[in-house]
Amino acid sequence: MGKRKYLVVGFHHIDLSWKRGPEEMAEMEEVFILRLLDLLELYPDFRFAIEQASHFRNMMRTRPDLVERLKPHLKAGRLEFVGGMASTLETNIPCGESFVRNQAIGLKWVRENFDVEVRTGWLMDTFGINAQVPQILRQFGIRHVMANRLGGRKMHDVFLSKGLDGSQLLLVGRDVYSEQVGQEFTTFDCFYNWDRILKSFCDADRLTGPGPFLVGPHSENEVVISPHVRALLEERRATRDDESWAFATPSEYFKELDEAGTVWPVESGDLNPEFTGTFSLRTPIRVGNRKAENLLLEAEKWATLFGLSHWEEEIENAWWDLAYVQFHDVFTGSHPTNVYHHVMRRIASVEKTAMKILDRAFSTRKSDGADAAEVQQTELNQAELNQAEQNPAERKKTKLDQPESFRGMRQDSVMITAFNGLPWHRSALVTFPLPDGWRGVSSVYRTGESSALIAQSSDLPSAEGIDHSLPFDVLNGQVHVLAEIPPVGYRRFQLMEGPAPLNTQMEMEPATRKESGFIENEYIRLEFDDKFGLKKLIWKETGRVLLENAVDLLVVQRDDGNFQIEQPTASEVFSGAGEIRILHHEKTNAGESVRLSGYFPALSWAGQDSHLGWQVAFTLLRGKPRVDMCLKLDWKGESSRIRLKLATHMDTSAGIYEIPFGTVKRKPYGVTGTSRGEWPAHRFVAMEEGGYGLALVNTGTAGVEVNGGTILNTLIRAPKSEYAGMVADDSSSQHGTHEFAFALVPYEGSWRDSAVIQTAQELNNPVHVRSAVAGAGTSGSKNRQEINHHSFLNIEPNHVVLSALKPAEDGSGDWIVRAYETAGKAVEAQMWVEGVSAAWRSGLREQRGDEIDCQNGSLRFVTNPFEIVTLRLGFGFPSP
């Protein structure tokens, strides 16, 4: 029998930001690297691992000499760069494309600056791991990963993590908060003194597996690496003849595991949940991140489609900024207030960069000069305007009521272009301010399809192809047009000044009869009264009632937890315990809406000056099988969590949760060391039974619990207990006004065949709107039809989701299109991309694989359940 083999694997984890800001953490990294270099130069057998490219990218600017001193140790294999990520990001709430970009820019930086390839995945300390991470890392060529926060219920410290598509990673790491994990192969201990280092070595004596064994004393942040680790290793070498002790890098340990030939247990790759209290701590971070990452992806897409030049470096720098925001201890909101404000400034900077590139792309789109004079550069923020539309009282307050793009426009007509970044023909409510000085709008029509009557009322020539005007409304200084926009394309339409049409706006009397207050469209009927608020949600085709007497649509509960772990106590207080009023009912050409408001009773535990008021607007648009819901909270208090609650008649506790690049079905798990009932939901969660279902689509509020036929989504937590020295204040308690956008999607049958998937994308990807003063030639003669509405790309079926469109990184002129199957069904997908002459299967490394038959831009490709598919597209004659 051979010697028992022990490999000592050292590593250190320094946060990009947490209890201290990024500048102070960067200084801490420099101090650590100086000590590490000393040990590498003193002891030839010493091995170590470093992580997170962001640290060294910053160091290249501040201490390039240290980066140079690291290079020979990396090339010699004594030092290993693990993970290769820009940052160890939160894997559950940012979109899948954010993970891909984080990994890609990190790997690129490591390769270009250290001339080494990353072999070992690294997700130490990140709060849970989503079930598509095995597929992502395998596509990057990584087969092994080390991690340590795995959901709190794992029994093994080495296992195969199996992703949704069947991809497997060999994972090494002790599930930190699991009470049942066995000590078979590894011992991990975060040390802050010699006693804790000794504990790691003593724990190694109790490992029960056949080996090889990993001994992992490691440190974090302020604690520098200690040569005492080497002293203990040397002592065991000298005194234990039946054991082999040596330093190793992580990849060297994995090589030993591979050679051992052990048959490893297989675990689900859904390694969650962890620190659920952070899902709703400082909520604006996650809401702001959702908007920022979507804008970055849109900027890439439209800059590529319109052939914009000199933008790629700006976008890459923005992805680095977003990697900081998505670093797990930053993204959680569990940090001091000064760090929080710094994070929000970074998010604003990313948004600004994305908007700048979008403006440039839209202003350079191919168009003849006569169609638009004085093209404007100001984005009409559709999401904010839609919220204003649903909250009439807020319309006069919005900063976009009179943007620069319309000031001074006194022409008889204005051209509007709406851009749709999603790959299907989309019906959307396009909203923008009434041009300055206009009395109203007499008509809105699609350019190229104007009628002779419109032409007679202006200086525009008449056109063939007569069509009726688009439905529109002018309400409180805003123009609302229900428009059809082509897939990944744009539609132009023209406003004519004139008397505004009549619109129905009325106050509703408090309901005294069953149907005294309601709104409806073709699919859904909502009934209201001043006792229950939302009285019924009805699927009209069958009369099925999915929500009834929702007096507890909002609930608040005492929460004695800390910054990272919630601790709910006592019973919920529901919105119906206070006041409910029906404020406003509005009928327009686009649909109907109703606005409710109320106040919670005094909350005895929340402080003397505590209060919680709310408003919620429900909107049903024509032709949309969903309810748009805009919720506004006015909050001050402590020790509380505030939740949206959808209590249905269903009898199920299983939820279908969207995750980055896919969906998983989950059930309640009770209480674990760091979690109290919630799971992370990316954009939606659905619940179904007996041929019906209800989905809740969010715009960044990720903490969701499904239990007993009820969906609960936490909006705000206000922890009072300190955590790791951090003390509650106004920002952590989230005092002030908050607005949230949701969609409720009732459906018959399965969520896979409903509007859920498309609604999740539409709510989070509003159309972009640009304006131009119309001039001669805007009526749209036949030879201008193609520039008045245009499509660049479409994909079918709808459960194959477009994730990204961007240029290939190698500068070849090829495009990269990425999509993923999200419903768990194998399918032959169909894609059309304008101008494409050649296509290849690719991967996250953007290599050319097997060629795909491409005819006139049309191609078909088979996607397996939950597969992430990357295609490389060529133009003209394919290069060799």
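Residues numbered from 1 in each chain as written. Predicted model: local features only at pLDDT ≥ 70, side-chain atom pairs only at ≥ 80, totals over all residues. Heavy atoms only, no water.

Observations regarding empty space enclosed by the protein
At step 1: Summed over all chains, the structure comprises eleven cavities of 30 Å³ or more.
At step 2: Estimated volume of the largest cavity: approximately 250 Å³.
At step 3: If you list the elements that add at least two residues to the lining of the largest cavity, you get helix 4 (96–114), helix 9 (284–305) and strand 43 (800–807).
At step 4: Looking at the lining of the largest cavity residue by residue, the classes come out as ten nonpolar, six polar and six charged.
At step 5: Lining of the second largest cavity is provided by 13 residues; of these, Gly-10, Phe-48, Pro-217, Ile-225 and Val-229 occupy positions nearest its centre.
At step 6: Top contributing element to the lining of the second largest cavity by residue count: strand 10 (residues 213–220), with three residues.
At step 7: Taken together, the residues of the lining of the second largest cavity break down into nine nonpolar, four polar and no charged. (1 Å grid on protein atoms, 1.4 Å probe; cavity = no way out; pocket = protein on both sides within 12 Å on 5 of 7 lines; lining within 4 Å. Points joined across faces, edges and corners; volume = space filled by probe spheres on them. Helix = DSSP H or I, 4+ residues; strand = E, 2+ residues; numbered from the N terminus. Nonpolar A, V, L, I, M, F, W, Y, C, P; charged D, E, K, R; others polar.)

Comments concerning the nonpolar core
If you look at soluble globular proteins, the nonpolar side chains tend to sit buried side by side.
At step 1: Among the nonpolar cores identified, the biggest contains 146 residues, and Ile-33, Leu-36, Phe-56, Phe-114, Trp-302 and Trp-751 are the most heavily contacted of them.
At step 2: Looking at which element gives the most residues to this core, the answer is helix 12 (residues 337–363), with eleven residues.
At step 3: Beyond its immediate stretch of four places on either side in the chain, Leu-36 contacts Phe-46, Phe-48, Ile-50, Leu-79 and Ile-225.
At step 4: By size, the runner-up hydrophobic cluster in this structure holds 56 residues, among which are Ala-131, Trp-539, Leu-554 and Tyr-692. (Core = buried A, V, L, I, M, F, W, Y, C linked by side-chain atoms within 4.5 Å. Buried < 20%, exposed > 50% of the residue type's maximum accessible area, 1.4 Å probe, protein only. Contact = heavy atoms within 4.5 Å.)

Notes on the confidence of the model for the protein
Detail in the predicted coordinates should be disregarded across regions flagged by low pLDDT.
At step 1: Residues of the protein with pLDDT of at least 70 account for 88%, and the chain-wide mean is 89.
At step 2: Across residues 503–515 the pLDDT falls below 50, and counting only partners more than four positions away or on other chains, this stretch makes 33 contacts in the model. (pLDDT = per-residue confidence, 0-100.)

Let's talk about the layout of surface pockets
At step 1: The space that makes up the second largest pocket amounts to roughly 740 Å³.
At step 2: Those elements giving two or more residues to the lining of the second largest pocket turn out to be strand 9 (186–190), helix 6 (194–204) and strand 10.
At step 3: Tallying contributions element by element places strand 9 first for the lining of the second largest pocket, with four residues.

Brief notes about the pairing of strand 10
At step 1: A large share of strand 10 lies buried, amounting to seven of its eight residues.
At step 2: Sheet topology note: the strand 1 (residues 4–8)/strand 10 ladder contains three bridges and is parallel. Residue pairing for strand 10: Tyr-6 is matched across the bridge by Phe-213.
At step 3: Where strand 2 (residues 11–13) and strand 10 come together, three bridges link them in parallel fashion. Each residue of the ladder has a partner; that of His-13, found in strand 10, is Glu-220. (Pairing = 2+ DSSP bridges.)

A word on the sheet that holds strand 22 (residues 524–529)
At step 1: As summarised here, the arrangement of the four strands in space is 21-22-23-24, forming an open sheet in which the pairing is antiparallel. The two strands at the open ends of the sheet, each matched to only one other strand, are strand 21 (518–520) and strand 24 (544–548). Averaged over all pairs of adjacent strands, the angle between strand axes in this sheet comes to 20 degrees, irrespective of strand direction.
At step 2: Here strand 21 runs beside strand 22; their pairing, made up of three bridges, is antiparallel. Bridge assignment links Phe-518 to a residue of strand 22, and that residue is Glu-527. (Axes fitted to C-alpha atoms, helices over the stretch in contact; angles between N-to-C directions.)

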